[in-house]
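This is what each chain is made of:
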Amino acid sequence: MKKLNLLLLILLFSSFFLAAQQKINVVVIGAHPDDCDVRAGGTAALFAKAGHNVLFISVTNGDAGHFEKGGGALAKIRMAEAQESGKRLGVKYVVLDHHDGELMPTLDIRLQIIRLIRNWNADIVIGPRPNDYHPDHRNTAVLVQDAAYMVIVPNVAPDTPPLKKNPVFLYVQDRFQKPTPFQPDIAIDITETFNQKIYGMAAHESQFFEWLPWTMGKLDEVPKTEPERLEWLKNWRKPYINDKMKQSLTKWYGAEKTKSIKYAEAFEICEYGRRPSDEEIKKLFPMLGK
Ligand SMILES: [Zn+2]
């Protein structure tokens, strides 16, 4: 009897262990509370739906992103919006308390990011490319690039155990052409989670229904009711699929399936993280080819 109990216990533990092993841990890093949602919200929702662990990090608190509100009061609003978006997408949302519009790639913040990546035991880390119109985006890219590799070095941030292997670091899509245009190495079909992505983005009310329309002079066009707002945001922020993305989708999903893909998100492999083979990419992104 005792032997049987022991056997059951071992079986139970090993199945827990296997289940934990199969979880993929993803970290998405953006400069502002809403950047992660915009660039990787659909992919994050797919990971979360399949039971994987996704962490969104906003490196600034967003306290400059408005025309009427600002400072601590705005930072509080944006923290609440990020938490609501995290709930809608099924991800954990961390907002670091650094001023919006003033971000510098300091050693302190680099160490903060290294610790967060380690504590999440990340397999994949996604962030912006270092060529961008916004200084916070550029500096976030530098911070993430500087954390790549350092996450495995035990003598850096020695209070937090290093990762056993360097994660795969990826860049989110952008439209900047110089010095090199974005390369969609991995393209993910988000047709299934596109509405959820929009719903997550809509949680950032101060941004999509106030600040951003204001910067474009179309604040008076913002609808009042929630269903109308979701529809409006969907039309405004529809991700487009260009030829390069189509090629990438065809590579990962096949030509036939690609015809039915309406919305996609793409990622470029950063040279400073682990360089994955196609086989490894398929393991890291189990939704590929489905
Ligand atoms: Zn931003």
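One numbering rule holds for all chains: residues counted from 1, following each sequence as written. With the structure being a predicted model, the display of local features is reserved for residues of pLDDT at least 70 and the display and counting of side-chain atom pairs for 80 or more, all residues being used for whole-chain, interface and lining totals. Hydrogen atoms and water are omitted, and side-chain values are computed over all heavy atoms in the structure.

Here we take up the overall build of the protein chain. Along the backbone of the protein chain there are 11 helices and seven strands. Each principal axis of the C-alpha atoms in the protein chain carries an extent, and together these give about 75 × 50 × 45 Å. Relative accessibility under 20% of the residue-type maximum defines a buried residue, over 50% an exposed one, and the middle range a partly exposed one, all with a 1.4 Å probe and only protein chains included. Looking at the protein chain residue by residue over its 290 residues, the buried ones come to 50%. By the convention used here, residues are in contact when the closest approach between their heavy atoms is within 4.5 Å. Excluding contacts between residues fewer than 6 apart, the proportion of contacts in the protein chain whose partners are at least 24 apart in sequence is 79%. Counting from the N terminus, the helices are DSSP H or I runs at least four residues long and the strands are E runs at least two residues long.

Low pLDDT means the predicted atomic positions in that stretch should not be read closely. Think of pLDDT as the predictor's per-residue confidence, scored from 0 to 100. Looking at the protein chain, the pLDDT average stands at 94 and 92% of residues meet or exceed 70. Averaged pLDDT values for the elements of the protein chain fall to 59 in helix H1 (residues 2–22) and rise to 99 in strand E2 (residues 53–58).

Our next topic: the coordination of the zinc ion. Where a metal carries four tetrahedral donors, each ideal angle is 109.5 degrees; where it carries six octahedral donors, the ideal angles are 90 or 180 degrees. Each metal site is built from N, O and S donor atoms within 2.8 Å (3.2 Å for Na, K and Ca), and since water is not included, such sites may look incomplete. Only His 32 (ND1), Asp 35 (OD), Asp 35 (OD) and His 137 (NE2) from the protein coordinate the zinc ion, and they sit 2.1 to 2.4 Å from it. Only four donors with every angle between 85 and 135 degrees are called tetrahedral; only four or six donors with opposite donors over 155 degrees apart and all others between 65 and 115 are called square planar or octahedral, in that order; all others are irregular. Taken together, the four donor atoms coordinating the zinc ion span angles of 55 to 126° at the metal, a pattern that classifies the geometry as irregular. Written as a sequence motif, the donor arrangement for the zinc ion is H-x2-D-x101-H. In this pair, Asp 35 is assigned in helix H2 (residues 35–49) and His 137 in helix H5 (residues 135–147), connecting sequence segments 102 residues apart. Residue classification places His 137 among the buried positions, given a relative accessible area of 12%.

Attention shifts here to helix H7 (residues 205–215). When we look at burial in H7, the residues that qualify are Ser 206, Gln 207, Phe 208, Phe 209 and Pro 213. The inward-facing, buried residues of H7 contact H2, helix H3 (71–89), helix H6 (194–202) and helix H8 (226–236). Gly 217 lies just past H7 and shows a positive phi near 70°.

For the rest of this paragraph, the subject is the side chain of Asp 63. In this structure, Asp 63 sits in the loop between E2 and H3. Under this rule, positive means Lys or Arg and negative means Asp or Glu; His and the chain ends count for nothing. What counts as a salt bridge is simple: a side-chain nitrogen of Lys or Arg found within 4 Å of a carboxyl oxygen of Asp or Glu. We note that Asp 63 is buried and unpaired, the nearest opposite charge coming from Arg 78 at a distance of 7.5 Å. For this analysis, a polar contact is any N or O atom pair within 3.5 Å, provided that within protein one partner can donate a hydrogen and the other can accept it, and provided that sequence-adjacent residues contribute only side-chain to side-chain pairs. Within the structure, Asp 63 has its side chain in polar contact with the side chain of His 99 (distance 2.6 Å). When near neighbours in sequence (up to four residues on either side) are disregarded, Asp 63 contacts Gly 70, Gly 71, Leu 74, Ala 75, His 99 and Asp 100.

Mapped onto the fold, Leu 212 is located in helix H7. As for Leu 212 and Ala 255, which are separated by 43 residues in sequence, their C-alpha atoms are 37 Å apart. Not counting the four nearest positions on each side in its chain, Leu 212 is found in contact with Gln 207, Trp 236 and Arg 237.

This part covers the environment of Thr 140. Its location among the elements puts Thr 140 in helix H5. Of the residues examined, Thr 140 reaches a relative accessible area of 0% and is grouped as buried. Sequence separation of Thr 140 and His 32 is 108 residues, and the distance between their C-alpha atoms is 9.5 Å. Beyond its immediate stretch of four places on either side in the chain, Thr 140 contacts Ile 29, Gly 30, Ala 31, Val 59, Leu 103 and Pro 128.

Two strands form a pair only when DSSP identifies at least two bridges running between them. Here seven strands make up an open sheet; going across it, the order is E3-E2-E1-E4-E5-E7-E6 and the pairing mixed. The open sheet has two free edges, formed respectively by strand E3 (92–95) and strand E6 (186–189), since each of these has just one partner strand. Each strand axis lies, on average, 25° off the axis of its neighbour in the sheet, ignoring direction. Alignment of E6 against strand E7 (residues 264–269), held across four bridges, turns out to be antiparallel. Among the inter-strand pairings, Ala 187 is bridged to a residue of E7, identified as Ala 266. Against the sheet, helix H9 (residues 243–253) touches E6 and E7, its axis set at about 75° to E6. A fitted line through C-alpha atoms represents every axis, and for helices the fit uses only the stretch in contact; the resulting angles, taken between N-to-C directions, go from 0 to 180 degrees.

As a further point, take the packing of aromatic side chains. Any Phe, Tyr or Trp ring, taking Trp's six-membered ring, that has another such ring centre within 6.5 Å forms a pair; planes under 30 degrees apart are called stacked, those over 60 apart edge-to-face, and the others tilted. Counted according to the given criterion, the structure contains 10 aromatic pairs. With 5.0 Å between their ring centres and 5° between their planes, Phe 67 and Trp 214 make a pair best called stacked. Here the residue Phe 67 occupies a position in the loop between E2 and H3, and Trp 214 occupies one in helix H7, the gap between them amounting to 147 residues. A residue is classified by how much of its surface remains accessible, and Phe 67, at 26% relative accessible area, is partly exposed. Taking relative accessible area as the criterion, Trp 214 reaches 44% and is therefore assigned partly exposed. Here, over-ring charges are defined by two tests on the NZ atom of lysine or the CZ atom of arginine: distance to the ring centre within 6 Å, and angle to the ring normal within 35 degrees. For Arg 88, the ring lying beneath its charged end belongs to Tyr 199, and the centroid distance is 3.9 Å. Residue placement shows Arg 237 over the ring face of Trp 236; its charged tip is 5.2 Å from the ring centre.

Within soluble globular proteins, side chains that are nonpolar tend to cluster in buried spots. To qualify as a nonpolar core, a set must consist of buried Ala, Val, Leu, Ile, Met, Phe, Trp, Tyr and Cys residues joined through side-chain atoms within 4.5 Å. Formed by 51 residues in total, the largest nonpolar core has its most connected members in Phe 56, Ile 124, Leu 170, Ile 186, Ile 188 and Phe 285. Among the elements that take part in this core, H2 stands out by supplying seven residues, more than any other. Residues in contact with Phe 285, not counting those within four places in the same chain, are Thr 43, Phe 47, Ile 124, Leu 170, Ile 186 and Ile 188. One finds Val 27, Ile 29, Val 125 and Leu 163 within the second-largest nonpolar core, a separate group that totals 26 residues.

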